[in-house]
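Descriptive analysis of the structure
Listed below, chain by chain, are the residues.
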Amino acid sequence: MSAASVRGEGPDDRDLAGVLGEYLRDRLGASGPVGIGSLERIAVGWSHETWLFDAAWSDDIDEQRQGFCLRRDPGNALLRQESDLAEQFRVLRCLESTAVAAPRAFWYEPDPAVLGAPAIVMERVVGECPSPWRRAGREYYAAAAERGVLPASFTDALAAVHNVDWKAAGLEFLGVPRAGSDFAQREIAKWQALIDDSGHPGHPILADLIGWLKHNAPPTDQLTLVHGAFRTGNVLIHDDQVSAILDWELQVIGDPMYDVAYMLTELNREGTELLSNVVPRELFFDRYQQATGIEIDEERCAYFQLLYAMRSAAFWMSAAGLYADGSNSDLRLARTHWSVTVALERAATELGY
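Let me sum up the structure you'll find in this document. (Residues numbered from 1 in each chain as written. Predicted model: local features only at pLDDT ≥ 70, side-chain atom pairs only at ≥ 80, totals over all residues. Heavy atoms only, no water.)

**A short note on helix 9 (residues 257–264)**
By the criterion of burial, helix 9 is predominantly enclosed, with 8 of the 8 residues buried. Three or more residues of helix 9 are buried, namely M257, Y258, D259, V260, A261, Y262, M263 and L264. (Buried < 20%, exposed > 50% of the residue type's maximum accessible area, 1.4 Å probe, protein only. Helix = DSSP H or I, 4+ residues; strand = E, 2+ residues; numbered from the N terminus.)

**Observations concerning the packing of helix 6 (residues 149–162) against helix 9**
For the pair helix 6 and helix 9, the least separation of the axes is 11 Å and the interaxial angle reads 160°. It follows from the interaxial angle that helix 6 and helix 9 lie roughly antiparallel. Crossing handedness for the pair helix 6 and helix 9: right-handed. Counted together, F154, L158 and H162 of helix 6 and D259, V260 and M263 of helix 9 form the full contact between these two elements. Split by residue class, the contact of helix 6 with helix 9 holds 4 nonpolar, 1 polar and 1 charged. (Axes fitted to C-alpha atoms, helices over the stretch in contact; angles between N-to-C directions. Parallel < 35°, antiparallel > 145°, perpendicular 65-115°, else oblique. Left-handed = near helix turned anticlockwise from the far one by under 90°. Contact = heavy atoms within 4.5 Å. Nonpolar A, V, L, I, M, F, W, Y, C, P; charged D, E, K, R; others polar.)

**Some remarks on the nonpolar core**
Formed by 84 residues in total, the largest nonpolar core has its most connected members in L171, W248, F284 and M310. Residues within four places of W248 in sequence aside, it is in contact with Q88, V91, L92, L95, V100, A102, P103, V161, L225 and H227. Counting 18 residues, the second largest nonpolar core, distinct from the first, contains L16, L28, A30 and A119. (Core = buried A, V, L, I, M, F, W, Y, C linked by side-chain atoms within 4.5 Å.)

**Quick word on the packing of aromatic side chains**
Aromatic ring pairs: the centre-centre distance and the angle between the two ring planes describe each pair. Tallied over the full model, the rule gives 18 aromatic pairs. Taken together, a centroid distance of 6.3 Å and an interplanar angle of 80° make the contact between F315 and W316 edge-to-face. For F315, a relative accessible area of 11% gives the class buried. Here the aromatic residues F183, W212, Y258, Y262, Y303, F304 and Y308 are joined through ring pairs into a cluster of three or more. A cation over an aromatic ring shows up here: R27 above the ring of Y23, its NZ or CZ 3.6 Å from the ring centre. Cation over ring: R90 sits above F173, and NZ or CZ is 3.8 Å from the ring centre. (Phe/Tyr/Trp six-rings, centres within 6.5 Å; stacked < 30°, edge-to-face > 60°. Lys NZ or Arg CZ within 6 Å of the ring centre and 35° of its normal.)

**A closer look at the side chain of S153**
Within the secondary structure, S153 is located in helix 6. In this structure, S153 is in contact with D240, Q241 and V242, ignoring residues within four places of it in sequence.

**A look at the pattern of salt bridges**
Here the structure, examined in full by the defined rule, presents 18 salt bridges. For the salt bridge of D240 with R147, the shortest nitrogen-to-oxygen distance reads 2.7 Å. With D240 in the loop between strand 7 (235–238) and strand 8 (241–245) and R147 in helix 5 (residues 135–147), this pair connects stretches of sequence that are 93 residues apart. Accessibility expressed as a relative area gives 12% for D240, which makes it buried. Under the relative-accessibility criterion, R147 is labelled partly exposed at 48%. Counted as one network, the salt bridges with shared partners bring together D221, D255, D297 and R300. (Salt bridge = Lys/Arg side-chain N within 4 Å of Asp/Glu carboxyl O.)

**Remarks on the packing of helix 9 against helix 10 (residues 281–292)**
Interaxial distance between helix 9 and helix 10 falls to 12 Å at its minimum, and their mutual angle equals 165°. Considering their axes alone, helix 9 and helix 10 lie roughly antiparallel with respect to each other. As for the relative orientation of helix 9 and helix 10, their crossing is right-handed in sense. When helix 9 is examined against helix 10, the residues M257, V260, M263 and L264 are found in contact with a partner set consisting of R281, F284, F285 and Y288.

**Overview of the sheet that holds strand 1 (residues 35–42)**
In space, the 5 strands of this open sheet follow the order 1-2-3-5-4, with antiparallel pairing throughout. Where the open sheet ends on each side, the last strands, each with one partner, are strand 1 and strand 4 (105–109). Within this sheet the neighbouring strands show an average axis-to-axis angle of 20°, counted without direction. Of the strand pairs in this sheet, strand 3 (residues 63–72) and strand 5 (residues 119–123) are connected by 5 bridges, and their pairing is antiparallel. (Pairing = 2+ DSSP bridges.)

**Points about the pairing of strand 3**
Summarising the sheet, strand 2 (residues 49–58) and strand 3 pair through 10 bridges and their orientation is antiparallel. The partner of A56 across the bridge, within strand 3, is R65. Here strand 2 folds back onto strand 3 in antiparallel fashion, the turn holding 4 residues, of which D60 has a positive phi close to 75°.

Here it is as structure tokens:
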């Protein structure tokens, strides 16, 4: 699907403030115009556009002001096949009744002619999201680890995801794996499809890795809600506490060790033994297991780390393909061709090459 087919004949970004004001007027019950201020597109994420703004209006009684976040699907970004905004909106609404620190989602607008692309309007949560891939971000997390509050909050945030009663929350629509190795096989098939769609010629190590993953897929004996990408960089932090978990794009009902493995992998930390750059390993193990009652299975985690290597290769093959065929001019996508080799070299080492 091209960006044009998703965007349709929607408003120009220069007119976005006015469009948002009109869009929110009826939805907020405003008695007059809704003023839009501090509109800013933030340069984070690879799969959607994210805009932050403030809205001010009157409701016949008081003057009101609130911060909002607009998340739009340009149709030509990474994970476009997996990041359905309608599903994200539904997930966020389901999580409102749980202890998960997820942003409240107010409205989903599927018509690209209204807001310029299919979009979700949600609350703007107070907090910052330092990049763990930059020196300043790594220094931020190292200092927070020394203070000790954020590592505990970060662990508790993941535990809250895995403690969700996903049936009671109405999340069965995500799909429930059958007993045995169905969860792992589903994930392999999902990322195999992305690889096949990428136009990448393939790689011998990747073929070997996929074969190994299929043959060694472990059984899953407990199903939980799984975020799919829980790490620093995908949460907002305020006063050393996780104020919101972001990027609800890859969530599934599946094996909780899939998230734990993402915590343990070296792919999510650089030059430190701190898990996801912020949590001491011993603290994570003790606090997570106590909070969830789930025993961490390191052997299963090792398997899922190799599955993440396959997933990373699929990400970067897809991203590089978007740039190569002219679908997306984001220069970050151009350099992901090199990242495929990095992911596969790590997998080759783990496979004993």
